[in-house]
Amino acid sequence: MDHANESGTFNESVLNLSCEDVADAVKTLYNVTVKSVKKLYGYDDLNFRINSHNESFVLKVKQQKYDGASQQAVLTKKIMKHLNADGFRVPVAVTTINGKDVTASYVFGDNKTQRQLEMFTYLPGKSILELKLSPEILVDTARDVGVLFGSVTKSLEKLNNLLSIENYVVSSSDIWQTQNFPQVRSYLHFVKDKNLNMVICEVFDAFAAMFPSLKKQLNRGLIHGDFSTTNIIVEKLGQEMGVIDFEDSTLSYRVFDLSVCIGYMMVSALDVKADPMLLIKNLYQGYASVASPLNSGEKEILFVAVQARLATSYIMSRYTLSLHPENEKYLDWQSSKCPKLLLLLHSKGKEQTLREWGVLPH
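Definitions and limits used
Residues numbered from 1 in each chain as written. Predicted model: local features only at pLDDT ≥ 70, side-chain atom pairs only at ≥ 80, totals over all residues. Heavy atoms only, no water. Salt bridge = Lys/Arg side-chain N within 4 Å of Asp/Glu carboxyl O. Helix = DSSP H or I, 4+ residues; strand = E, 2+ residues; numbered from the N terminus. Buried < 20%, exposed > 50% of the residue type's maximum accessible area, 1.4 Å probe, protein only. Phe/Tyr/Trp six-rings, centres within 6.5 Å; stacked < 30°, edge-to-face > 60°. Lys NZ or Arg CZ within 6 Å of the ring centre and 35° of its normal. Contact = heavy atoms within 4.5 Å. Axes fitted to C-alpha atoms, helices over the stretch in contact; angles between N-to-C directions. Parallel < 35°, antiparallel > 145°, perpendicular 65-115°, else oblique. Left-handed = near helix turned anticlockwise from the far one by under 90°. Nonpolar A, V, L, I, M, F, W, Y, C, P; charged D, E, K, R; others polar.

**Some words on the pattern of salt bridges**
Part 1 of the argument: Counted under the stated rule, the structure contains 16 salt bridges.
Part 2 of the argument: Where Asp 205 meets Arg 185, a salt bridge forms, and the shortest distance between an N and an O atom there is 3.1 Å. Pair noted here: Asp 205 is in helix 5 (residues 194-214) and Arg 185 is in the loop between helix 4 (135-162) and helix 5, with a separation of 20 residues, a long-range link.
Part 3 of the argument: On the basis of relative accessibility, which here comes to 42%, the residue Asp 205 falls in the partly exposed class.
Part 4 of the argument: In this structure, the salt-bridge partner of Asp 271 is Lys 337, at a minimum N-O distance of 3.3 Å. Linking Asp 271 in helix 6 (residues 254-271) with Lys 337 in the loop between helix 9 (328-335) and helix 10 (338-357), this pair joins segments that are 66 residues apart in sequence.
Part 5 of the argument: Taken together, the salt bridges that share partners define one network made up of Asp 45, Lys 60, Lys 62 and Glu 247.

As structure tokens, then:
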């Protein structure tokens, strides 16, 4: 479900696939005759845009450890199916030729490499990050993003009540889940700037002191997990936006999903020289107009949760860059703005920031 203008992925050195390899797999598993194939950016998976004569899809060649029957994978498909049925523009999983399976194993080429594949409908358009909107238009669009995010949150609350997820096991090792943020500290040495390193240390300390005492106050439920500007798709301004990339969907604290959205919208603000604080004020107004209001505990932790996401994005990009220096452009796409935002939020402090965002009254 990745949209990009250029090809590239971290797994290319592990598995090189030609367009013919991909087309053969799609024909074999889905009985779709491929007109063209375009490689897309992917963080963990190999992703390809597939064009047939009258439809477009995204094929995901999963990493070797992926299990399509896992609790996480099954939940992801249920969330996408539910949101689609509830009227949202989201990708839908395509069943294989047997009409039942949405995950299939396939053996590629002479080296007999077996991977699991999944194919989804393609959402036309570009991500908000790719659009490079003018500062004024982006600030105005932020309210629409807030409404979309709040509406998705409400819809997932309905699904939460329909599913039996009391026994759902949330990963304790996924560092992209905000509740696991303290684990990122072991990578802090990849941040070379001393002042930034100190600021991030303060974020770690604040989160460690705050989260254990507040978590009982935080509302839990199904979340998208990565509601960022790379995953919000716009076909035409003023029309309904779409949402992609549900691989991080899980059962977690809803305020952490909001913090991800806020963090990456601030990144996009800097990208086009818009005011990030005004942008988030508009976003929060849109969110609050449709979603349940944040309680006192959620307001208390929101500031540090946003900082935590920005810190995670930057730290892990530096770590991954040390392993894959050839992917610097892709890694810096969002993460290069994170230090400036972390320093900005540090200088303003929690109370002033929340007031400027409209979370607290002036």
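**Brief notes about the packing of aromatic side chains**
For any pair of aromatic rings, the description rests on two quantities: the centre-to-centre distance and the angle between the ring planes.
Part 1 of the argument: What the rule picks out here adds up to 13 aromatic pairs.
Part 2 of the argument: With centroids separated by 5.6 Å and ring planes inclined at 80 degrees, the aromatic side chains of Phe 181 and Phe 207 adopt a geometry described as edge-to-face. In this pair, Phe 181 is assigned in the loop between helix 4 and helix 5 and Phe 207 in helix 5, connecting sequence segments 26 residues apart. We note that Phe 181, like Phe 207, is buried.
Part 3 of the argument: Look at Phe 211 and Phe 256: their rings are 5.7 Å apart centre to centre, the planes differ by 50 degrees, and that puts the pair in the tilted class. Placement of the pair is Phe 211 in helix 5 and Phe 256 in helix 6, with a sequence separation of 45 residues. Comparing Phe 211 with Phe 256, the two get one shared label, buried.
Part 4 of the argument: Members of the aromatic cluster, each reached through a chain of ring pairs, are Phe 181, Phe 204, Phe 207, Phe 211, Tyr 253 and Phe 256.
Part 5 of the argument: Seen from the ring of Tyr 122, Arg 49 lies directly overhead, with NZ or CZ sitting 4.0 Å from the centre.
Part 6 of the argument: The ring of Tyr 66 is capped by Lys 62, whose NZ or CZ atom sits 4.4 Å from the centre of that ring.

**As for the environment of Leu 29**
Part 1 of the argument: Note on placement: Leu 29 falls in helix 1 (residues 19-30).
Part 2 of the argument: Taking C-alpha positions, Leu 29 is 49 Å from Asp 193, a pair spaced 164 residues apart along the chain.
Part 3 of the argument: Excluding anything up to four places from it in sequence, Leu 29 contacts Thr 96, Ile 97, Ala 104, Ser 105, Tyr 106 and Leu 117.

**A word on the packing of helix 5 against helix 8 (residues 296-323)**
Part 1 of the argument: Remark: helix 5 packs on helix 8, axes separated minimally by 9 Å, with the N-to-C direction vectors making an angle of 140 degrees. Here helix 8 runs oblique to helix 5, going by the angle between their axes. For the element pair helix 5 and helix 8, the recorded crossing hand is left-handed. Here helix 5 contributes Leu 196, Ile 200, Val 203, Phe 204, Ala 206, Phe 207, Met 210, Phe 211 and Leu 214 to the contact with helix 8, which in turn contributes Gly 297, Glu 300, Ile 301, Val 304, Gln 307, Ala 308, Ala 311, Tyr 314 and Ile 315.
Part 2 of the argument: Taken together, the residues that form the contact of helix 5 with helix 8 break down as 15 nonpolar, two polar and one charged.

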